[in-house]
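# Observations on chain architecture
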Protein chains: 2
Amino acid sequence: MQIVITGAAGFLGTKLARAILAQDGLAIDGEWRPLQRLKLLDIVAPQGLPDDPRLEVQVGDIDQPGTLKTAVDARTDVVFHLAAIVSAGAEADFDLGTRVNLEATMALLDVCRRLPEPCRLVFASSVAVYGGPVVEGTITDTTHVVPQTSYGAQKAAGELLVGDYTRKGFVDGRSLRLPTIVVRPGKPNKAASTWASSIIREPLAGDTTICPVTRTTAMFVLSPRRVIEALMHAADLPSAAVGVERTIQLPGTTHTVDEMLATLGAVAGAAVVDRVRFEPDAEIQAIVDGWASHFETPRALKLGFRPDAGFREIVEAHIEDELDGRTA
Amino acid sequence: MQIVITGAAGFLGTKLARAILAQDGLAIDGEWRPLQRLKLLDIVAPQGLPDDPRLEVQVGDIDQPGTLKTAVDARTDVVFHLAAIVSAGAEADFDLGTRVNLEATMALLDVCRRLPEPCRLVFASSVAVYGGPVVEGTITDTTHVVPQTSYGAQKAAGELLVGDYTRKGFVDGRSLRLPTIVVRPGKPNKAASTWASSIIREPLAGDTTICPVTRTTAMFVLSPRRVIEALMHAADLPSAAVGVERTIQLPGTTHTVDEMLATLGAVAGAAVVDRVRFEPDAEIQAIVDGWASHFETPRALKLGFRPDAGFREIVEAHIEDELDGRTA
């Protein structure tokens, strides 16, 4: 079993690499396949991974010709394509977003197509494909996409191509639309959603933080643990089980800021919640209000993808996985 | 008013050029704009057009670098992007379909983006974006797309990019999903839908023809006249009227083979209908059965797009436009 992860230096890529190394392989079509080689591609070297003979790190620009041809070869069984310029980044640098989110996905599909045997491809897409009028209602498995960010449009175009290359038998692809990931480890970033992780992560680490949106603002979220499970489950699923529609909206849970903070208080105490200060930011509120927050995902649930049991599980998983069980 | 038509040697491109020349301009935002220059781009020179000082023909490969930069320049007000490798062609030659249907659309958007002022872009998409499970029901303005041809996937990806470039203010784009065009002038081609035109066109011209599908097979169609009207109307519509969703499913009418032939008989007599012989072709039947045939298009109707009044109007328009009013 030879696996490639693009965008491997991101927090999801690194967590996925760690999970695959720890379990020493992946199930494919329900059959266990031990790991021979795990190739990690990113523009910088992934951090915090063990020194392991099964690991091979390739540092390179995914939007440069040849990079993907080196990364994916005839021995590749599964590719997890996580490399992306995220929402705010692709909005700020349109050319970079186009090159990485769309053109590199096209280049990857072309490389996969030229392999002697079609490999399995798991493409990380996003709820950012939804935008405009559809976000006011409940998103279902048949909601049409009207992206309102370049990131969303590029991901939606990528999904279409993954679907078509799969239909043609060039690759065995599956695209997962990921909810907002909470609690994201690391530092706050420039994403308009960063507060959804910050209001849990920073107080638990003993730091104060700012919530720029109202207490009734709701977010559709999935924990890093469940996302990693979902990526591996997507690789496992038999192609026939996925069927004609190769894009799967992952399940998640919807929580208001009030619910999130009440759960934080229940898990870690009122003093921890007091580290969150509300400072309304109209711009961020407007962006977040433009996102869908209510989803029904019967197809993914039927295919065996799992949401978190509730927000308590999300907070507790973060404490276990990122804080060694200790809160400040 | 300076206009560019890509794919201008196709029957739609040539008809559109003729219509624009005849009316000497286009309405834009409801205001009449006289024609200064009409630039026609295609891989072969368009035929049957008048010798006209306003016309400029550019023969070139749209998938070669530089072709689009020459075609579209700072003086361009409106681009009609009709160039495409159609369904069967893109299925047979995947690389060519990708280059023309997707990459040339990306290149065109990039050229438009670099103009000093955003031009208006009318992109011809297709009902081929619908496929898989959705075609069994009625297609509405919010049906999600699951293309089952490369042509459909490439058109759907193009729509997303036209939408995003428009949102960014790089171009003022509108994508039209065209129904199957009936009665298509010219010769039968390799399209699985070619019979829908042949069973009207050939008998009216005095020739026998074969219908490879059952009498109850239904098709969602629009006449060449209405498509040309729709393309010009799409260029006219104020951007705000189109709104956030830049893709518009055009209206059409749905007819079974039986209805089509009954209308043909009513217009041209039973002897003409007798020139159609039924020879079932399971392969063509299967392809056609995989297409959506029932549509509701309230948005397009509200925006002022018109279907044909009925199949009789379609047949009569063909006799007027292509046969100088005479049937054989």
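For the structure, check the block above.
First, a word on what this report is: a plain description of the structure on this page. (Residues numbered from 1 in each chain as written. Chains lettered and ligands numbered in written order. Predicted model: local features only at pLDDT ≥ 70, side-chain atom pairs only at ≥ 80, totals over all residues.)

Right, let's talk about the relation of the copies chain B and chain A for a bit. Once chain B is rotated about the relating axis by 180 degrees and shifted along it by 0.0 Å, it coincides with chain A to within an RMSD of 0.0 Å. Considering both components of the superposition, the chain copies are consistent with a two-fold axis. Most of the interface of chain B is mirrored in chain A: 100% of its interface residues are interface residues there too. (Least-squares fit on C-alpha atoms with pLDDT ≥ 70 in both. Contact = placed C-beta atoms within 7 Å.)

Turning our attention to the interface of chain B and chain A. With 21 residues of chain B in contact, the opposing surface of chain A contributes 21 residues. The dominant element in the side of chain B that touches chain A, judged by the number of residues it contributes, is helix H5 (residues 150-167) of chain B, at 9 residues. Grouping the amino acids of the side of chain B that touches chain A by side-chain chemistry returns 10 nonpolar, 7 polar and 4 charged. (Helix = DSSP H or I, 4+ residues; strand = E, 2+ residues; numbered from the N terminus. Nonpolar A, V, L, I, M, F, W, Y, C, P; charged D, E, K, R; others polar.)

Moving on, we get to the sheet that holds strand S11 (residues 218-222) of chain B. Within a beta sheet, neighbouring strands are joined by backbone hydrogen bonds and run either parallel or antiparallel to one another. Residue and element names in this part refer to chain B. Taken in spatial order, the 3 strands of this open sheet run S9-S11-S13, and their pairing is mixed. In this open sheet, the two strands that pair with only one neighbour each are strand S9 (180-181) and strand S13 (253-256). With 2 bridges connecting them, S9 and S11 associate as parallel partners. Within S11, the position partnered with isoleucine 181 by the bridge is leucine 222. (Pairing = 2+ DSSP bridges.)

Another aspect to go through is the nonpolar core. Ranked by internal contacts, the top residues of the largest apolar core, which has 189 residues, are Ile5 of chain A together with Ile5 of chain B. Mapped onto the domain boundaries, this core takes at least three residues apiece from domain 1 (2-178 + 223-249) and domain 2 (194-220 + 253-295 + 308-322) of chain B. Contact partners of isoleucine 5 of chain A, with chain neighbours within four places excluded, come to Gly13, Leu16, Ala17, Leu40, Leu41, Phe80 and Leu82 of chain A. (Core = buried A, V, L, I, M, F, W, Y, C linked by C-beta atoms within 7 Å. Buried ≥ 20, exposed ≤ 12 C-beta atoms within 10 Å, placed from the backbone. Domains from an automatic or database assignment.)

So, about the environment of leucine 108 of chain B. All names here are of chain B. By the element assignment, leucine 108 lies in helix H4 (residues 94-113). C-beta crowding within 10 Å serves as the criterion here: with 28 such atoms nearby, leucine 108 is assigned to the buried category. Residues leucine 108 and lysine 69, spaced 39 residues apart in sequence, show a C-alpha to C-alpha distance of 8.0 Å. Ignoring any residue separated from it by four or fewer positions in sequence, one finds leucine 108 in contact with Leu68 and His81.

The general pattern is negative phi for most residues beyond glycine and trans for most peptide bonds. All names here are of chain A. Here the bond from valine 182 into valine 183 is cis, since omega is 5 degrees, no more than 30 degrees from zero. In this structure, valine 183 sits in the loop between strand S9 (180-181) and helix H6 (194-204). Positioned with a positive phi, aspartate 29 is a non-glycine residue whose angle comes to about 55 degrees. Of note, aspartate 29 is situated in the loop between strand S2 (25-28) and strand S3 (31-34).

For the rest of this paragraph, the subject is the sheet that holds strand S4 (residues 37-42) of chain B. All names here are of chain B. Read across the open sheet, the 7 strands follow the order S5-S4-S1-S6-S7-S8-S12; overall the sheet is parallel. The sheet is open, and its two borders are formed by strand S5 (55-59) and strand S12 (247-249), each paired with just one other strand. Each neighbouring strand pair of the sheet contributes to a mean axis angle of 20 degrees, computed without reference to strand direction. With 3 bridges connecting them, strand S8 (residues 172-178) and S12 associate as parallel partners. From the neighbouring strand, arginine 177 faces S12, where its bridge partner is glutamine 249. Strands in contact with helix H1 (residues 11-23) are strand S1 (2-6), S4 and strand S6 (78-81); relative to S4, the strand with the most contacts, it is inclined by about 175 degrees. Most of the contacts of H5 go to strand S7 (residues 120-126), to which it runs at about 155 degrees, and overall it touches S7, S8 and S12. (Axes fitted to C-alpha atoms, helices over the stretch in contact; angles between N-to-C directions.)

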